[in-house]
Amino acid sequence: MDIQITVGNVILDAELNDTPTARKVAAVLPLDLPFNTWGDEIYFEIPVEADLDESAQEEKRIGLDRPIAIRTFSYLSNALVLDLGRAMNMSSDTGSRTVRLIILERLPATLLLMGTSNLFLFFFGIFAALSLSRHYGSFWDRFVVALSPTSAVPPWFYGIFFILIFAAVLKVLPFGGMVSAPPPDNKIEYGLSVLKHLILPGSALVISAFFYTIYNWRTFFLIYSSEDYVDMAKAK
């Protein structure tokens, strides 16, 4: 519904939404009311009583009607105890949409994937960087330096290509999951199945940071290898 608000010589066109509150406002029009100003804003009361509409009720439910400082501390305390509400499109294996349960359910697999990938990346990167720092300017040293910008590409980008190549085309690795279905009864076979499912996502994580990690450690070793205490240790 279109209405007009007249303030002195100023006439403003406005539109009322199709809500119960707006219909109550429309029923008491026209109105001649006193108003207050604050800067360029105009405030006035309308003699209408109405319950909160759906959007206002939702704002009140999630606390958006509270000051930002109080909301910030409330969000922080909720985050510390993983009280993150309910998910819209995801659910846990038990069917729950509680975000805390979804996170806790996937936490062991996440720790296994990230822990394994980062351990491999750390130890292999250290030894490779040590070797390159001792052969500064060699072909492999220049090769790693040239490929270090490839680490700017996120892991999921490599993951897509790995899935296309090794799962879709070559069919040597699974598309996803943590273990084969049905899960093997033997513990050794179960562990091997987990490792097989770990190859694709782990490789994507490792490759995405591989050259940059080696380049960082190699540069670190080169810088500190020229320190006086290193030369003294070599002299001994």
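Throughout what follows, the structure given in this document is the object of discussion.

1. Examining the packing of aromatic side chains
Then step 1. As enumerated under the stated definition, the model contains 18 aromatic pairs in all.
Then step 2. Each ring, one from F139 and one from F143, has its centre 6.1 Å from the other, and the planes form 25°; the classification is stacked. With F139 and F143 both in helix α5 (residues 139-147), this residue pair falls four residues apart, about one helical turn.
Then step 3. Residue F143 is classed as partly exposed on the basis of its relative accessible area of 33%.
Then step 4. Centroid distance W140 to F143: 5.5 Å. Interplanar angle 85°. Geometry classified as edge-to-face. You can see W140 and its partner F143 sitting in helix α5, three residues apart, about one turn around the helix.
Then step 5. Connected via pairs of aromatic rings, a cluster forms that spans F120, F124, F139, W140, F143, F210 and F211.

2. Section: the pattern of salt bridges
Then step 1. Under the counting rule described, the total for this entry stands at four salt bridges.
Then step 2. Linking K60 and D65 is a salt bridge whose minimum nitrogen-to-oxygen distance equals 3.8 Å.
Then step 3. In this structure, R218 engages D141 in a salt bridge whose closest nitrogen and oxygen atoms are separated by 2.7 Å. You can see R218 sitting in helix α7 (residues 187-225) and its partner D141 sitting in helix α5, a full 77 residues away along the chain.
Then step 4. Of the residues examined, D141 reaches a relative accessible area of 3% and is grouped as buried.

Cut-off values and rules
- Residues numbered from 1 in each chain as written.
- Predicted model: local features only at pLDDT ≥ 70, side-chain atom pairs only at ≥ 80, totals over all residues.
- Heavy atoms only, no water.
- Phe/Tyr/Trp six-rings, centres within 6.5 Å; stacked < 30°, edge-to-face > 60°.
- Helix = DSSP H or I, 4+ residues; strand = E, 2+ residues; numbered from the N terminus.
- Buried < 20%, exposed > 50% of the residue type's maximum accessible area, 1.4 Å probe, protein only.
- Salt bridge = Lys/Arg side-chain N within 4 Å of Asp/Glu carboxyl O.

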